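Here are the chains, one letter per residue:
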Amino acid sequence: MKKLKSVLLLCLLLFVQNSFSQVSDTPSSYYKWKGSKTETHAGYVVLKSGKRLDGEIRLKGSESAITEIEFTGDGKDISFPPAALQSYGLTGIVIQTQSSSASGPVAVLTGLTNDSPEEMYDWKFVGVVMNKNIYSTTPRNGYVILTDGSRHDGELKLKRKEDELDGFEIKSEGGKEKYDVSEVTHYGYNLSDDEFQQQELAREAGKMFPGKIVGSSGELSGEIGLFGANPGGMSYSKFTFKGNNGAITEYDPSAIQAFYVTDSKGNELKYIAFKGVYVEQDFDGNTFSLFRNPTPTTVNEFATNMAKTVTQAGTTAAATAIMQADQKKNNYDSNIDSIIRVSSTEDLYKVRDGLVALSGYTSYDEAMEKSDSESLKNNLGALQLAIAGRESAASQGAIMNEEWIIQNKKTGEQTIVYKSSFKDQIEPLLKGCYEYLTMEKSQQNDYSKWSNIVETMKLIDACY
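S.K.: I tried to follow the confidence of the model for the chain on my own but got confused; where do I start?
M.R.: Note that predicted coordinates carrying low pLDDT should not be read in detail. Put simply, the chain has an average pLDDT of 81, and 81% of its residues get 70 or more. Segment residues 1-22: pLDDT under 50, and 4 contacts once partners within four positions in sequence are set aside and those in other chains are kept. Note that residues 96-110 has pLDDT below 50 and, in this model, 25 contacts with residues that lie over four places away or in other chains.

Next comes the structure, spelled out in structure tokens:
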């Protein structure tokens, strides 16, 4: 009889323990234990009658043996034994299961609410961990709301493995905190759509220069940022304008036909709309205009033939050697030679143009022509050499001339000119000018030099 009572007691204990472990709708790993109790979470209990009560819950006992569920809601504080409940769980989350060939069903947290538009999250690749690509977002002012209802604000950064959200990071004056996906119910940015667009435009614009725009309502002064450059840096698809009120506006050639920027040397450069892009205009007279051709039409035979004799590896090595020699000569260290070896052609353009902008110039050509720094020229020249080698390999050696267009504003006639053939190309225009014909031969030669092209344009413009 005594043995039978012991067996019955053991069966009762096993039944009760099994009942305790089956009533939670939420996997135990989502409860945060501190000693013999969990943290308080938003949650619910479902009575044996089927009635559901929503509020906050806290579990007592241990993860493997729940002894009590403390419920707070509707002005009531009630402690339930597990056997008194049909189920209980956390709210604000939904648990689904996905099959895993190696480990069976895997709990996946879904129902997480993103309060901001997806396009606001600027994802960047940061590396590979355990054969998985890792990404994170650009930090921006944002927040997370945890399952316990607390809100945490600061610089928000999201992380993901492949396509799966993997965690959150909030950086504030109090330090940096990291949160698992299971801890968060809501997240987003403390930005309106307009504030977000302003931040994006400021980021895209990069370095801004004093300038002015010319529109239907006249001229407006402010700051201008150039972006959307083509691979050769000869044209821009857009620009940003920051007015006196601090607001940034993006323009393209369909909206604004011309704008001006002032470089660090005080030179005012004019850009005009041409064939859907902006190009620098070197001269604008009564009859003639001179500006860069964004789509060159002629092959630079000398550069092409030289590039064909040098492989991409050779140009990279040569560029690296130039930079290393300059560093040794001027007693400084940089990793730009390493960057050349490992960067793509597109990245080399970004490095080159970034160095140009940091030096206060708007283009590679302007920096090479006007800078007094030999180190800057050496580094830019080395980058350009590496770029030329990459482009040569990619385009089977075809390197185009840098061309300018002389346009007759009255007739629309265009003449394409470039450095190596400038004398022959400009001669027909010069010989149509009587003042040029009356000059001494030495004077005429000066107007046939590429370095004097703007002065030549002034002469021609005055003649026609």
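S.K.: Please explain the state of the cysteines as it appears in this structure.
M.R.: Disulfides are covalent bonds that link the sulfur atoms of two cysteine residues. By the definition in use, this model includes 1 disulfide. Two residues share a disulfide in this structure: C433 and C463, whose sulfurs sit 1.7 Å from each other. Of the two residues, C433 is situated in the loop between α9 (422-430) and α10 (434-437) and C463 in helix α12 (residues 453-463); the sequence distance between them amounts to 30 residues. With relative accessibility at 0%, the residue C433 sits in the buried group.

S.K.: Explanation requested: helix α2 (residues 193-205) in the structure shown.
M.R.: The end-to-end C-alpha separation of α2 is 18 Å, in line with the 18 Å expected for 13 residues at 1.5 Å each. When we look at burial in α2, the residues that qualify are F196, E200, L201 and A205. One face of α2 carries all of its buried residues, which in axial projection span an arc of 165°. Following α2 by one or two positions, G206 has its phi on the positive side, about 65°.

S.K.: So what exactly am I meant to see when it comes to the nonpolar core here?
M.R.: Taken as a class, soluble globular proteins show a tendency for nonpolar side chains to be buried jointly. Counting residues in each nonpolar core, the largest one holds 17 residues, and the members touching the most others are L290, I406, I426 and M457. For this core, the secondary-structure elements that each account for two or more residues are β25 (288-292), β26 (404-408), α9 and α12. What L290 contacts, discounting residues up to four positions off in sequence, is E280, Q281, D282, F283, W404, I405, I406, I453 and M457. Within the second largest apolar cluster, 15 residues are counted, among which are Y179, V181, V184 and Y189.

S.K.: Teacher, can you tell me more about the pattern of salt bridges here?
M.R.: It is possible for side chains of opposite charge to pair when their charged atoms get near one another. Here the structure, examined in full by the defined rule, presents 19 salt bridges. Of the charged contacts, one joins E219 and K212 as a salt bridge, the two residues approaching to 3.5 Å between their closest N and O atoms. Salt bridges sharing common partners tie together R58, K60 and E70.

S.K.: How do you make sense of the pairing of β26 when you look at a structure like this?
M.R.: Within a regular beta strand, the side chains point alternately toward one face of the sheet and then the other, so they alternate between its two faces. The buried fraction of β26 is high, at 4 of 5 residues. Sheet analysis places β25 next to β26, joined by 5 bridges and oriented antiparallel. Its bridge partner lying in β26, F288 is registered against N408. Here β26 runs beside strand β27 (residues 414-417); their pairing, made up of 4 bridges, is antiparallel. Bridged to W404 within β27 is V417. Taken together, β26 and the strand that follows it, β27, pair antiparallel across an intervening segment of 5 residues, in which G412 is found at a positive phi of about 85°.

S.K.: How should I be thinking about the environment of G73 in this particular structure?
M.R.: Structurally, G73 is set in strand β5 (residues 66-73). Sequence-distant contacts of G73, defined by excluding residues within four places in its chain, comprise D54 and G55.

S.K.: Hey, could you run me through the environment of A247 in this one?
M.R.: Relative to the assigned elements, A247 resides in the loop between β20 (236-242) and β21 (248-251). Overall, the relative accessible area of 31% leaves A247 in the partly exposed class. Spatially, the C-alpha atom of A247 lies 9.7 Å from that of A202, the residues being 45 residues apart in sequence. Ignoring any residue separated from it by four or fewer positions in sequence, one finds A247 in contact with Q198, F241 and K242.

What counts and how
Residues numbered from 1 in each chain as written. Predicted model: local features only at pLDDT ≥ 70, side-chain atom pairs only at ≥ 80, totals over all residues. Heavy atoms only, no water. pLDDT = per-residue confidence, 0-100. Contact = heavy atoms within 4.5 Å. Disulfide = S-S within 2.5 Å. Helix = DSSP H or I, 4+ residues; strand = E, 2+ residues; numbered from the N terminus. Buried < 20%, exposed > 50% of the residue type's maximum accessible area, 1.4 Å probe, protein only. Expected span 1.5 Å × (residues − 1). Arc of directions from axis to C-beta. Core = buried A, V, L, I, M, F, W, Y, C linked by side-chain atoms within 4.5 Å. Salt bridge = Lys/Arg side-chain N within 4 Å of Asp/Glu carboxyl O. Pairing = 2+ DSSP bridges.

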